[in-house]
Amino acid sequence: MKTDFLEISPVLPSQDIDRDVEWYEKQVGFKLLQKDNMYAVLKRENLCIHLQWHADTDDDPLLGGSVMKIFVNNLMPIFDEMVERGTIKKEKLRLNTAWKTNEFGFYDLNNNSVFFVEDI
């Protein structure tokens, strides 16, 4: 069995989740799917934008590396491939997260986060 790649969703930094959700709804036509004070997901047709709050400090820079989420069905084949390639270690797999996903992630050479995510 193979992994089915579904979509790529950018995770954009935000200093004000409420303000930015309102802007994406009004100015870009996205609809809010879920939100808390640190994170929001908006969707328009088959496109998603994720917003993540950052403090804009040295420890949590607003304009640090970016985040990309690659949503898939059947996560384990791509996870096993990345372990075999040496991209990640087996302990990076996170099953049944609080936000109802299975996922793993790693950093590229430019400190961008790349996550493979399976909704459960």
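Above this text sits the structure in question.
Note that the coordinates shown come from a computational prediction; the quantities given were computed from them, not determined experimentally. Positions within a chain are numbered from 1, following the residues in the order the chain's sequence is written. With pLDDT at 70 or above as the cut-off, local features in this predicted model cover only qualifying residues; side-chain atom pairs require 80 or more to be listed or tallied, and sums for whole chains, interfaces and linings still use all residues. Excluding hydrogens and water, the side-chain values take into account all heavy atoms of the structure.

(A) Main features of the overall build of the protein. Tallying secondary structure elements over the protein gives 2 helices and 7 strands in all. Helix and strand labels come from DSSP, where a helix needs a run of H or I of at least four residues and a strand needs a run of E of at least two; each type is numbered from the N terminus. For the protein, the succession of helices and strands along the chain, N to C, is β-α-β-β-β-β-α-β-β. Dimensions of the protein along its principal axes, counting C-alpha atoms only, are 45 × 35 × 25 Å. Taking all 120 residues of the protein together, the buried fraction comes to 34%. Once local pairs closer than 6 in sequence are excluded, the contacts in the protein between residues at least 24 apart make up 49%. When accessible area is computed with a 1.4 Å probe and restricted to protein chains, residues below 20% of their type maximum are described as buried, those above 50% as exposed, and intermediate ones as partly exposed. Note on contacts: a residue pair is in contact if any heavy atoms of the two residues lie within 4.5 Å.

(B) A look at the pattern of salt bridges. A carboxyl oxygen of Asp or Glu within 4 Å of a side-chain nitrogen of Lys or Arg is what we treat as a salt bridge. Under the criterion given, the structure shown has 4 salt bridges. Residue lysine 2 pairs with aspartate 4 through a salt bridge whose shortest N-O separation is 3.2 Å. The partner of arginine 85 in a salt bridge is glutamate 81, and the shortest N-O contact between them spans 2.9 Å. Of this pair, arginine 85 and glutamate 81 both sit in helix H2 (residues 75-85), separated by 4 residues, roughly a single helical turn. The exposure class of glutamate 81 is partly exposed, given its relative accessible area of 34%.

(C) A look at the packing of aromatic side chains. Put simply, two rings from Phe, Tyr or Trp (the six-membered ring, in Trp's case) pair if the centres are within 6.5 Å, and we call them stacked under 30 degrees between planes, edge-to-face over 60, tilted for the rest. Across all of its chains, the model carries 6 aromatic pairs by this definition. A centroid spacing of 6.3 Å and a plane angle of 90° characterise the contact between tyrosine 24 and phenylalanine 30, whose relative ring orientation is edge-to-face. Across the pair, exposure class does not vary: tyrosine 24 and phenylalanine 30 are buried alike. Plain terms: the ring middles of phenylalanine 104 and phenylalanine 116 are 5.2 Å apart, the flat faces sit at 15° to each other, and that makes the pair stacked. Residue phenylalanine 104 is found in strand S6 (residues 101-107), and its partner phenylalanine 116 is found in strand S7 (residues 113-119); the two are separated by 12 residues along the sequence. Assessed through its relative accessible area of 1%, phenylalanine 104 is described here as buried. Within the aromatic cluster, the residues linked to one another by ring pairs are Phe5, Phe79, Phe104, Phe106 and Phe116.

(D) A look at the side chain of serine 9. Turning to its location among the elements, serine 9 is positioned in strand S1 (residues 4-14). Side-chain polar atoms of serine 9 contact the side chain of glutamate 7, separated by 2.7 Å. Residues within four places of serine 9 in sequence aside, it is in contact with Cys48, His50, Val67, Met68, Lys69 and Phe71. The definition of a polar contact used here is a pair of N or O atoms within 3.5 Å, where within protein one atom must be able to donate a hydrogen and the other to accept one, and adjacent residues in sequence count solely through side-chain atom pairs.

(E) View of the pairing of S1. Across 7 bridges, the pairing between S1 and strand S5 (residues 67-73) is antiparallel. Across the sheet, aspartate 4 pairs through a bridge with asparagine 73, a residue of S5. In this sheet, strand S4 (residues 47-53) lies alongside S1 in parallel orientation, the contact comprising 4 bridges. Each residue of the ladder has a partner; that of valine 11, found in S4, is histidine 50. Pairing between strands requires that DSSP locate at least two bridges from one strand to the other.

(F) Quick peek at the pairing of S7. Extensive coverage of S7 is indicated by the burial of 5 of its 7 residues. When S5 meets S7, the two strands line up parallel, connected through 5 bridges. For isoleucine 70, the partnering residue across the bridge sits in S7 and is phenylalanine 116. Bridge analysis of S6 against S7 gives 7 bridges, and the strand direction is antiparallel. Counterpart to phenylalanine 104 in the pairing with S7 is phenylalanine 116.

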